[in-house]
Amino acid sequence: MTQEFDSVPTIIGDFLNFSRNLVELPKKITVPHEVKIGSCPYDVVYEEDRIRMLHYKPLTSKQIQIPLVISYAIVNRFQIFDIDPKKSWIRHMLESGFDVYMIDWGSPTSMDKFLGFDEYVNDYLDNCVEYVCDQSSVDKVSLQGYCTGGTLATVYSALHPEKVKNLIATAPVIDGWKDTTVVSNIARNFDVDKMVDVIGNMPPEFMYYCFSILKPFEQGIEKYLKFFQNMDNEKYVDSFLKIEKWLAETPPIPGELFKQWIKGIYQENLLVQNKMFVGNQHVSLKNIKMPLFTQVAVGDHLVSPECSMPLHYAVGSEDKNLEIYPTGHVGMIASSFSQKNVLPKLTEWLKKRS
Amino acid sequence: MKPQSDDMFEYYKHTSMFWNDMIAMMSSKPSSLMAVGPLRNLTENIKKISQELIEANQEIVDFNTQLVEYYQHLGETWIGAQKKVMAKISEIPQDAESIEAYKRVWIDIFENDFTQMFDNKSFSKNYNKLVTTELQLLKRWNTIMDVMLKSANMPTKEEINDIYKELFTLKKQIKKINPQKRTRVRKNDSGI
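What counts as what
Residues numbered from 1 in each chain as written. Chains lettered and ligands numbered in written order. Predicted model: local features only at pLDDT ≥ 70, side-chain atom pairs only at ≥ 80, totals over all residues. Heavy atoms only, no water. Helix = DSSP H or I, 4+ residues; strand = E, 2+ residues; numbered from the N terminus. Rg over C-alpha atoms; globule rule 2.2 N^0.38 Å. Buried < 20%, exposed > 50% of the residue type's maximum accessible area, 1.4 Å probe, protein only. Contact = heavy atoms within 4.5 Å. 1 Å grid on protein atoms, 1.4 Å probe; cavity = no way out; pocket = protein on both sides within 12 Å on 5 of 7 lines; lining within 4 Å. Points joined across faces, edges and corners; volume = space filled by probe spheres on them. Nonpolar A, V, L, I, M, F, W, Y, C, P; charged D, E, K, R; others polar. Patch = residues over 30% accessible without salt bridge, like charges linked within 9 Å, V, L, I, M, F, W, Y side chains within 5 Å. Areas by Shrake-Rupley, 256 points an atom, 1.4 Å probe, with all protein chains shown as cover. Salt bridge = Lys/Arg side-chain N within 4 Å of Asp/Glu carboxyl O. Lys, Arg positive; Asp, Glu negative; His and termini not counted. Charge placed at Lys NZ, Arg CZ, Asp CG, Glu CD. Buried area = accessible area lost by both parts, 1.4 Å probe. Polar contact = N/O pair within 3.5 Å; in protein donor to acceptor, adjacent residues only side chain to side chain. Pairing = 2+ DSSP bridges. Core = buried A, V, L, I, M, F, W, Y, C linked by side-chain atoms within 4.5 Å.

## Some remarks on the overall build of chain A
Helices and strands together make up the secondary structure of chain A, namely 14 helices and 10 strands. For 354 residues, the compact-globule formula gives about 20 Å, and the C-alpha radius of gyration of chain A, at 22 Å, lands near that figure. Overall size of chain A, expressed as C-alpha extent along the three principal axes, is 75 × 55 × 40 Å. Burial status across chain A gives 60% buried among its 354 residues. Residue pairs in contact within chain A that sit at least 24 positions apart in sequence constitute 79% of those at least 6 positions apart.

## What to know about empty space enclosed by the protein
If you walk through the whole model with that rule in mind, you get three cavities of 30 Å³ or more. What the largest cavity holds in volume is close to 310 Å³. A per-class count over the lining of the largest cavity returns 22 nonpolar, one polar and no charged. Roughly 140 Å³ of volume is contained in the second largest cavity. Around the second largest cavity, the lining is made up of 13 residues, and of these Asp49(A), Leu115(A), Tyr124(A), Phe168(B) and Lys171(B) lie nearest the centre. Those elements that place two or more of their residues in the lining of the second largest cavity are α4 (117-136) of chain A together with α6 (157-177) of chain B. With six residues, the top contributor of residues to the lining of the second largest cavity is α6(B). Here the lining of the second largest cavity is built from residues that sort into six nonpolar, no polar and seven charged.

## Structural notes on the layout of surface pockets
Space inside the largest pocket adds up to approximately 1,200 Å³. Those elements that place two or more of their residues in the lining of the largest pocket are α8 (204-212), α9 (216-229) and α10 (234-248) of chain A together with α3 (39-89) of chain B. No other element matches the eight residues that α9(A) contributes to the lining of the largest pocket. Of the volumes computed, that of the second largest pocket is approximately 610 Å³. Taken together, 18 residues make up the lining of the second largest pocket; nearest its centre are Asp14(A), Phe18(A), Gln229(A), Ile99(B) and Glu100(B). Put simply, the parts of the chain that give the lining of the second largest pocket at least two residues each are α2 (8-28) and α9 of chain A together with α4 (98-118) of chain B. Looking at which element gives the most residues to the lining of the second largest pocket, the answer is α2(A), with seven residues.

## Things to note about unusual backbone geometry
All names here are of chain A. Phi at serine 137 is positive, roughly 55°, even though this residue is not glycine. Turning to its location among the elements, serine 137 is positioned in the loop between α4 and β5 (141-146). A positive phi angle, near 50°, is found at asparagine 269, a position not held by glycine. Looking at the secondary structure, you find asparagine 269 in the loop between α11 (255-267) and β7 (276-278).

## Structural notes on a positive patch on the surface
Taken together, the side chains of Arg188(A), Lys121(B), Lys125(B) and Lys129(B) make up a positively charged region of the molecular surface. The element contributing the most residues to the positive patch is helix α5 (residues 121-151) of chain B, with three residues. Of note, Lys121(B) is situated in helix α5.

## Overview of the interface of chain B and chain A
Taken together, the contacts link 51 residues of chain B with 56 residues of chain A. Summed over both sides, the interface between chain B and chain A buries roughly 4,900 Å², with carbon and sulfur atoms accounting for 53% of that surface. Where chain B touches chain A, the interface holds seven salt bridges. Put simply, Asp49(A) and Lys175(B) hold a salt bridge, and the shortest N to O gap is 3.5 Å. Across the contact surface, chain B and chain A share 18 residue pairs in polar contact (both at pLDDT 80 or more).

## What about α11(A)?
Residues and elements named next belong to chain A. By the burial criterion, the buried members of α11 are Gly255, Leu257, Phe258, Trp261, Ile262, Gly264, Ile265 and Tyr266. Buried residues along α11 sit against α4, α5 (148-159), α6 (182-188) and α7 (192-198). Asparagine 269 occupies a position one or two residues after α11 and carries a positive phi of about 50°.

## What about the side chain of His92(A)?
Along the chain, the position of His92(A) falls in helix α3 (residues 89-95). With residues up to four places along the chain from it excluded, the contact list for His92(A) reads Gln339(A), Leu343(A), Pro344(A) and Thr347(A).

## A word on the pairing of strand β2 (residues 51-56) of chain A
Residues and elements named next belong to chain A. With six of six residues buried, β2 is to be regarded as a mostly interior element. For strand β1 (residues 42-48) and β2, the ladder comprises six bridges, and the chain directions are antiparallel. Bridge pairing in β2 links glutamate 48 to isoleucine 51. Between β1 and β2, which follow one another and run antiparallel, lie two residues, and aspartate 49 among them has a positive phi close to 50°. In this sheet, strand β4 (residues 100-104) lies alongside β2 in antiparallel orientation, the contact comprising four bridges. Within the sheet, the bridge partner assigned to arginine 52 lies in β4 and is aspartate 104.

## Brief notes about the nonpolar core
Residue and element names in this part refer to chain A. One finds Tyr56 and Phe81 to be the most contacted residues of the largest nonpolar core, which totals 135 residues. With 10 residues, α4 is the single largest residue contributor to this core. Aside from chain neighbours lying at most four places away, what touches tyrosine 56 is Cys40, Pro41, Tyr42, Phe78, Asp82, Ile90, Leu94, Val100 and Met102. If you look at the next biggest cluster of nonpolar residues, it comprises seven residues, including Phe227, Met231, Val237 and Leu241.

In structure tokens:
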């Protein structure tokens, strides 16, 4: 009983601190939707339909000859690669001397519902690579793909190997049957034909549902409790708001692309079995003979390591490297951990081959 | 006419459809006389709306069943997790730090149990059935809206879809004809 009374002043003190911080919070920080994401300046050098390609301004006087093109995921937006200067993937690559381009897939409208793998890989991605080759006077680029962008980069490398010098696959979605995440459990029984027939594009609201079933209590409750506990910490609040804004900007996915994705990767698992066709062209992972660097995260609850790792074994490359990190899907690209552990290994590997 | 199926639902559906058609046929002349101007179209197509509503009955029943099962999954998992939490917190000492420990236990147990539920095949099957039924209902709603749009002399979803498809095909053809498909632009857009 005495023990219970002893804790009362602490609880009251915590409550009063919390109330004060809550009242003062709006005075300290900007309105969430006005938060600016990104720290590295860039030029938009190429546009086609909804897509844009960004060229980041160099941070070193001399640059590595082979440019790096990043194919971002079709879910969420590219800003996560440069969300905070201290955790910025882009900044790290620029400071290491790389010439960095980023593909922003944009926000498709209902008119774009017929776009599929063929248009994304053989038109958009190919045009971006061609553009970079022209500008840099090179025949090949280093291509990095993250998450679903990793799948696009993989398919591109299999269909256009002559244009890819090095392939970096970061948490790519490859083997849908081996994926152990709750997303794959939903995707396997999903009536994607009906969804595309009735709605057209995959709406962001459905993606939010998928996100909400990934660690619902850590991400849905604990994260916000932590925010309230740390709301007097300006850096924490700034970082929190940037991530929240990024999470809230999920674009729709073109219906046809989404259909091919769910069926081809999660339901029929065509890619890893070398049974996939894109624009009447057969996609064989054995055609990938360029150096390959695969990065997976043990704690990835969106794309499980079991789903990404088969790429390493399915390709025809002799020069290949598989790195497994004790972090999560986003932690692998935008965290202090990635700055210390993931990026140094990648830059060292890539410099040797560029 | 006696319905073939013994299923009560089919019987009611059949009866409703029968009278819906009969009323539409019998009232076509009077309604044509009464409906003038732009609303005439709506009056003539109103049968389609009642047809869709009758057809939707079975789907509404299915949707409700699946929704109940969905909430049952959530509810049972919640109760199960809460029981585990209650069993575990008796081991936590009752002091100021215990609030943090209790929170950790609660989140860990709930996270684990709910992830297991989302990972369960029966959850996935029911959830996807629920979404499919919802989409089917949405499709019927679209059809009803199309009738309304037509009456307002507006393009229907199907007509807009045809235009999108046509545009998509044309764009592809143009890209094939014109190999200089890339439009290069140069501008600073980063705002930094």
